[in-house]
Amino acid sequence: MIVAGDSRVRPPTVVGKKSTAPPPPKRVVFARLLLKESSFLGRRMTSLRISLNQSSILSMHNPLQQLSYMPRVVKSRYSKSKRISACLNVAVEEEARVPSVSTGDEKSKEVMGWEAKVLVGTYARAPIVLESGCGCKLYDVAGKEYLDMSSGIAVNSLGHGDPDWVRAVMEQASKLTHVSNVCYSLPQVELATRLVEGSFANRVFFCNSGTEANEAAIKFSRKFQRHSHPDEKHPATEFISFTNSFHGRTMGALALTSKEHYRIPFEPVMPGVTFVEYGNIEATRKAISGGKTAAVFVEPLQGEGGIYSATKEFLQFLRSACDEAGALLVFDEVQCGLGRTGHLWAHEAYSVFPDIMTLAKPLAGGLPIGAVLVTEKVASAISPGDHGSTFAGSPLVCHAALAVLEKISNPSFLASVAKKGSYFKQTLIQKLGGNPHVKEVRGSGLILGIELDVPASPLVDACRNKGLLILTAGKGDVVRLVPPLIISEQELDLAVDILFDALPALEEASSK
Ligand SMILES: Cc1ncc(COP(=O)(O)O)c(C=O)c1O
């Protein structure tokens, strides 16, 4: 029915535009079959995704774009069925496309209008409907190609469809996806071991997101204080956080997040948080108080807040002030950790080590995960029942994370991130630095920010129209660039060229 292992198979391509996408990895080549009058669990299906190397059906798309994962056992049922009455040649060229009822643009509009009716309006989304990805490229439903400099907000560090990651997910999904934390499972223990071996920490707690990791760190800090001062009627429960910080959107993490716009509509949030100017040693000295401050939360490099790096002096001061006050030092490396700065952990650049570090975004290559890394001193305060999660540390997610960690922690991979990062920064400074709206290019490794003297959104829109996906940060006046860490220098050059070409959009917007 299909040509197994055909490396000429391509992802959906662009209408009226030649795709420059390389063929997807041989091991995981997908093809789409046009189905006529087929159904699965009562739903009409329009296409199948097939892994050619294993000839197994992975998933089906129904007209509502809902994905139903198909275990391998379904293969025989479907491949023997006579329901497939037409199929698309997998070695598809521009001309040989699946005839579709609506054009890509119409389809995008349809999906956007439909979304507006059925989803809670928490997101101001970019007007594109993404459908597939390969490496650093993304494709929308119209087949338009984008160079991805956003990585799903610093998540897809290995890009889209990394073959080793895909293999890890497929292997584990067909073996065991989820067991509760009532039982043991090997991938969770293996991942914790790798994290401990590669960091300051002695133990790990798994959860499902960045905000959950910080929530756990808040609870661990309070429990640590209670445990260390058993005779104290009121052990330390308060926290210090910093201006421009972002720690998440659940009630505890939100209380530590500086942006009032996120916090105020939901007050009262967790009480007892003091915000201090990021980097201000004197103000922090005054705010930290022995017996009151349970922990200090800080991002060694602030992402969401506008790409601000801490100084070594500031982090060294925080370490000694926390030790003096008996407070814990928590590094939130949800965005800046795991290779993004060219170091495995952003704090390695400063040689200052925390008591707790929170991780999430890139750790499982796009699957939801959070992790709290702690020293033995902190872990000894935590008992069974103090915290937990149904989904956390599942075999599937941990096995995927092992594949990510294996690649990112390789010293030559980290060195390549540092090298590409400094090349990218220099190129941005050279090409964009002369523009009167560009105030500063900052950051390290592959987490860079371009601060403007005007809102960045017109530039973001113009770049997207030209096929480049970028993000904003700070007060909306910073362009945030967090590409997949596997990006090539040629792709970085292309990003700089598109940014340069799109700069007039800033002038046009400010003259309106
Ligand atoms: C530094 C930092 N901490 C925490 C979070 C929250 O992570 P999540 O969105 O996974 O809850 C983010 C998200 O952007 C972040 O950048």
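Our structure's up above, just so we're on the same page.
Along every chain, residues carry numbers that run from 1 in the direction the sequence is written. For this predicted model, a pLDDT threshold of at least 70 governs which residues receive local features, and a threshold of 80 or more governs which side-chain atom pairs are given and counted, while totals over whole chains, interfaces and linings are taken from all residues.

1. Quick look at the overall build of the protein chain
- On a plain count of helices and strands, the protein chain comes out with 16 helices and 21 strands.
- Contact definition: two residues whose C-beta atoms, as placed from backbone geometry, lie within 7 Å. A fraction of 68% describes how many contacts in the protein chain between residues 6 or more apart in sequence connect residues 24 or more apart. Only DSSP runs of H or I covering at least 4 residues are called helices, and only runs of E covering at least 2 are called strands; the numbering of each starts at the N terminus.

2. Quick word on the nonpolar core
- Note on terminology: a nonpolar core is any set of buried Ala, Val, Leu, Ile, Met, Phe, Trp, Tyr and Cys residues joined through C-beta atoms within 7 Å. Buried residues are those with 20 or more other C-beta atoms within 10 Å of their own C-beta, exposed residues have 12 or fewer, and partly exposed residues lie in between; C-beta atoms are placed from the backbone. Counting residues in hydrophobic clusters, the biggest one holds 119 residues, and the most contacted among them are V296 and V372.
- In terms of residue count, the dominant contributor to this core is helix α12 (residues 395–408) (nine residues).
- Ignoring sequence-local partners within four residues, the contact set of V372 consists of V204, F205, A213, A216, A217, F220, I356 and T358.

3. Some remarks on helix α5 (residues 186–197)
- Multiplying 1.5 Å by the helix residue count minus one yields the expected span of that helix. Here α5 spans 16 Å end to end across twelve residues, near enough to the 16 Å set by a 1.5 Å rise per residue.
- Buried residues along α5 sit in contact with α4 (163–175), β8 (203–207), β16 (370–374) and α12.

4. Some thoughts on the pairing of strand β9 (residues 238–242)
- Counted residue by residue, β9 has five buried out of five residues, so it is predominantly covered.
- The alternating pattern of β9 places E238, I240 and F242 on one face and F239 and S241 on the opposite face, and all of these are buried.
- Sheet topology places β9 next to strand β11 (residues 293–298); three bridges connect them, and they run parallel. The partner of I240 across the bridge, within β11, is V296.
- The pairing of β9 with strand β10 (residues 273–276) spans four bridges and is classified as parallel. Across the sheet, F239 pairs through a bridge with V273, a residue of β10. A strand pair is defined by DSSP finding two or more bridges across the two strands.

5. Side note on the sheet that holds β10
- Taken in spatial order, the seven strands line up as β8-β16-β15-β14-β11-β9-β10 in an open sheet, and their pairing is mixed. Only two strands of the sheet have a single partner each, and these edge strands are β8 and β10. The sheet shows a mean angle of 20° between the axes of neighbouring strands, direction not considered. Here an axis means a line fitted to C-alpha atoms, over the contact stretch when the element is a helix, while the angle between two N-to-C directions is reported on a 0 to 180 degree scale.

6. Let's talk about the site of the ligand
- Close to the ligand lie 15 residues, the nearest being S209, G210, T211, V334 and Q335.
- The dominant element in the shell around the ligand, judged by the number of residues it contributes, is helix α6 (residues 210–228), at three residues.
- Its residues assigned to classes, the shell around the ligand comprises four nonpolar, eight polar and three charged. Should the C-beta atom of a residue, placed from the backbone, lie within 6 Å of a molecule or strand, that residue is near it. Polarity classes work like this: nonpolar for Ala, Val, Leu, Ile, Met, Phe, Trp, Tyr, Cys and Pro, charged for Asp, Glu, Lys and Arg, and polar for all others, with Gly in that last group.

7. Quick word on the sheet that holds strand β20 (residues 471–473)
- Judged by pairing direction, the sheet is antiparallel, and its four strands sit side by side in the order β17-β18-β21-β20 without closing on themselves. Where the open sheet ends on each side, the last strands, each with one partner, are β17 (438–444) and β20. Going from strand to strand, the sheet's axes swing by 30° on average, the running direction of each strand aside.
- With three bridges joining them, β20 and strand β21 (residues 478–481) adopt antiparallel strand pairing. Bridged to T472 within β21 is V479.

8. Focus: helix α14 (residues 457–465)
- All of the buried residues along α14 are P458, L459, V460, A462 and C463.
- Considering only its buried residues, α14 is in contact with β19 (468–469), β20, β21, α15 (489–502) and α16 (504–511).

9. A word on the environment of V196
- Relative to the assigned elements, V196 resides in helix α5.
- Owing to 15 C-beta atoms within 10 Å, V196 belongs among the partly exposed residues under this scheme.
- Once the C-alpha coordinates of V196 and V374 are considered, the two residues, 178 residues apart in sequence, prove to be 9.0 Å apart.
- Among residues more than four places away in sequence, those in contact with V196 are A201, N202, R203 and V204.

10. Some thoughts on the packing of α14 against α16
- It is at 8 Å that the axes of α14 and α16 come closest, and there the two elements cross at 135°. Between α14 and α16, the crossing angle belongs to the class labelled oblique. Crossing handedness for the pair α14 and α16: right-handed. Of α16, the residues touching α14 (which contributes P458, L459, D461 and A462) are A505, L506 and A509.
- When the residues that make up the contact of α14 with α16 are grouped by side-chain class, the tally is six nonpolar, no polar and one charged. Any angle between 65 and 115 degrees counts as roughly perpendicular, while under 35 counts as roughly parallel, over 145 as roughly antiparallel, and the rest as oblique. We call a crossing left-handed when the near helix sits turned anticlockwise from the far one by less than a right angle, and right-handed when that turn is clockwise.

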